[in-house]
Amino acid sequence: MKIFKVIAWIALIAFVGIQFFPTDRNESDLIPQTDFMLVNQVPTSIQNQLKESCYDCHSNNTKYPWYNKIQPAAWYLEDHVKEGKSELNFNEWDSLSRRRKASKLRSIIKQIESDEMPLSSYTLIHSDAVLSKAQQTEIIEYMKKLKAEAN
């Protein structure tokens with residue numbers, strides 16, 4: 001029983017200690033002129049879907065949940081957002097070459113078709129980010145149209 005108390009105290013002190021190591025927040029009020037929505041004049045319904053399901057991890061402005069200030073959850077979220085932005089940052093869309101845009105559009109289409117995006121770990125907590133089949137079809141058709149225009 002004494003060992004359990006020692007372990008519990010050590011765990012509590014470690015948990016409190018890691019709270020003093022903050023993360024960088026991915027927040028910006030600016031919408032750059034290179035943003036996907038501005039460059040492509042995206043229809044409102046698709047804009048709403050992309051903002052709800054994609055932009056938290058794939059843009060320069062994440063809407064953080066309440067638990068983002070608690071470690072180790074904040075570290076996990078920060079890593080997740082950095083990884084998402086390294087794959088695709090919608091805010092930097094127009095800075096990509098035509099070929100790179102076509103590649104990203106192919107990837108978006110493929111990942112939505114195979115239900116890889118949005119991630120299930122994200123939609124578990126953000127149920128409003130789940131895309132219905134109709135929404136998936138609408139986004140995929142729009143992305144295919146953009147891809148055809150890019151070629």
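Residues numbered from 1 in each chain as written. Predicted model: local features only at pLDDT ≥ 70, side-chain atom pairs only at ≥ 80, totals over all residues. Heavy atoms only, no water.

I would appreciate a short explanation of the overall build of the protein in the present structure.
Assigned secondary structure in the protein consists of seven helices and zero strands. The globule rule puts the C-alpha radius of gyration for 151 residues at 15 Å, and the 19 Å found for the protein is more than 25% above it. Expressed along its principal axes, the backbone C-alpha trace of the protein runs to roughly 70 × 30 × 25 Å. In the protein, buried positions account for 36% of the 151 residues. Approximately 9,900 Å² of the protein is accessible, and the part contributed by carbon and sulfur atoms is 60%. Taken together, the 19 basic and 19 acidic charged side chains of the protein have centroids lying 4 Å from each other. (Helix = DSSP H or I, 4+ residues; strand = E, 2+ residues; numbered from the N terminus. Rg over C-alpha atoms; globule rule 2.2 N^0.38 Å. Buried < 20%, exposed > 50% of the residue type's maximum accessible area, 1.4 Å probe, protein only. Areas by Shrake-Rupley, 256 points an atom, 1.4 Å probe, with all protein chains shown as cover. Lys, Arg positive; Asp, Glu negative; His and termini not counted. Charge placed at Lys NZ, Arg CZ, Asp CG, Glu CD.)

Is there a simple way to think about the pattern of salt bridges in this case?
Where charged atoms from two side chains of opposite charge approach closely, those side chains can pair. What the rule picks out here adds up to four salt bridges. For K82, the salt bridge goes to E78, with nearest N and O atoms at 4.0 Å. Of this pair, K82 and E78 both sit in helix 4 (residues 73-87), separated by four residues, roughly a single helical turn. Across the salt bridge formed by K144 and E113, the nearest N and O atoms sit 3.9 Å from each other. In this pair, K144 is assigned in helix 7 (residues 133-150) and E113 in helix 5 (residues 98-113), connecting sequence segments 31 residues apart. Residue classification places E113 among the partly exposed positions, given a relative accessible area of 47%. (Salt bridge = Lys/Arg side-chain N within 4 Å of Asp/Glu carboxyl O.)

Which parts of the structure should I look at to understand helix 4?
Given 3.6 residues to a turn, an α-helix orients residues that are three or four positions apart in the same direction. Between its first and last C-alpha atoms helix 4 spans 21 Å; for 15 residues at 1.5 Å apiece the expected length is 21 Å, and the two agree. Those residues of helix 4 that are buried lie in contact with helix 6 (120-123). (Expected span 1.5 Å × (residues − 1). Contact = heavy atoms within 4.5 Å.)

I would appreciate a short explanation of the packing of helix 5 against helix 7 in the present structure.
Packed helix pairs are specified by the crossing angle of their axes together with the interaxial distance, meaning the distance between the axes. It is the contact of helix 5 with helix 7, at a shortest axis distance of 9 Å, that shows an interaxial angle of 160°. Classed by the angle they form, the pair helix 5 and helix 7 counts as roughly antiparallel. Along this stretch, helix 5 crosses helix 7, giving a crossing that reads as left-handed. Within the contact between the two elements, helix 5 uses R98, A102, L105, R106, I108, I109, I112 and E113 and helix 7 uses Q136, I139, I140, M143, K144, L146, K147, E149 and A150. Residue composition of the contact of helix 5 with helix 7, by class: 10 nonpolar, one polar and six charged. (Axes fitted to C-alpha atoms, helices over the stretch in contact; angles between N-to-C directions. Parallel < 35°, antiparallel > 145°, perpendicular 65-115°, else oblique. Left-handed = near helix turned anticlockwise from the far one by under 90°. Nonpolar A, V, L, I, M, F, W, Y, C, P; charged D, E, K, R; others polar.)

What is the right way to read the packing of aromatic side chains from this model?
Two descriptors summarise a pair of aromatic rings, namely the distance from one centre to the other and the angle between the planes of the rings. Counted by the stated rule, this structure contains three aromatic pairs. For the ring pair F36 and F90, a centre distance of 5.2 Å and an interplane angle of 65° mean the geometry is edge-to-face. Linking F36 in helix 2 (residues 36-40) with F90 in the loop between helix 4 and helix 5, this pair joins segments that are 54 residues apart in sequence. Accessibility assignment for this pair places F36 and F90 in one class, buried. With centroids separated by 5.1 Å and ring planes inclined at 5°, the aromatic side chains of Y55 and F90 adopt a geometry described as stacked. Placement of Y55 in the loop between helix 3 (44-53) and helix 4 and of F90 in the loop between helix 4 and helix 5 is noted, with a sequence separation of 35 residues between them. We note that Y55, like F90, is buried. (Phe/Tyr/Trp six-rings, centres within 6.5 Å; stacked < 30°, edge-to-face > 60°.)

How do you make sense of helix 7 when you look at a structure like this?
With 18 residues, helix 7 should reach 26 Å at 1.5 Å per residue; the first-to-last C-alpha distance of 25 Å fits that figure. Of the positions making up helix 7, those classed as buried are Q136, I139, I140, Y142, M143, L146 and A150. The arc enclosing the buried residues of helix 7, seen along the axis, measures out at 165°, which places them on a common side. Exposed side of helix 7, more than 90 degrees from the buried face: K133, A134, A148 and E149 are the residues found there. Summarising the contacts, the buried residues of helix 7 are in contact with helix 2, helix 3 and helix 5. (Arc of directions from axis to C-beta.)

From the geometry alone we can't say anything about function, so treat these as descriptive.
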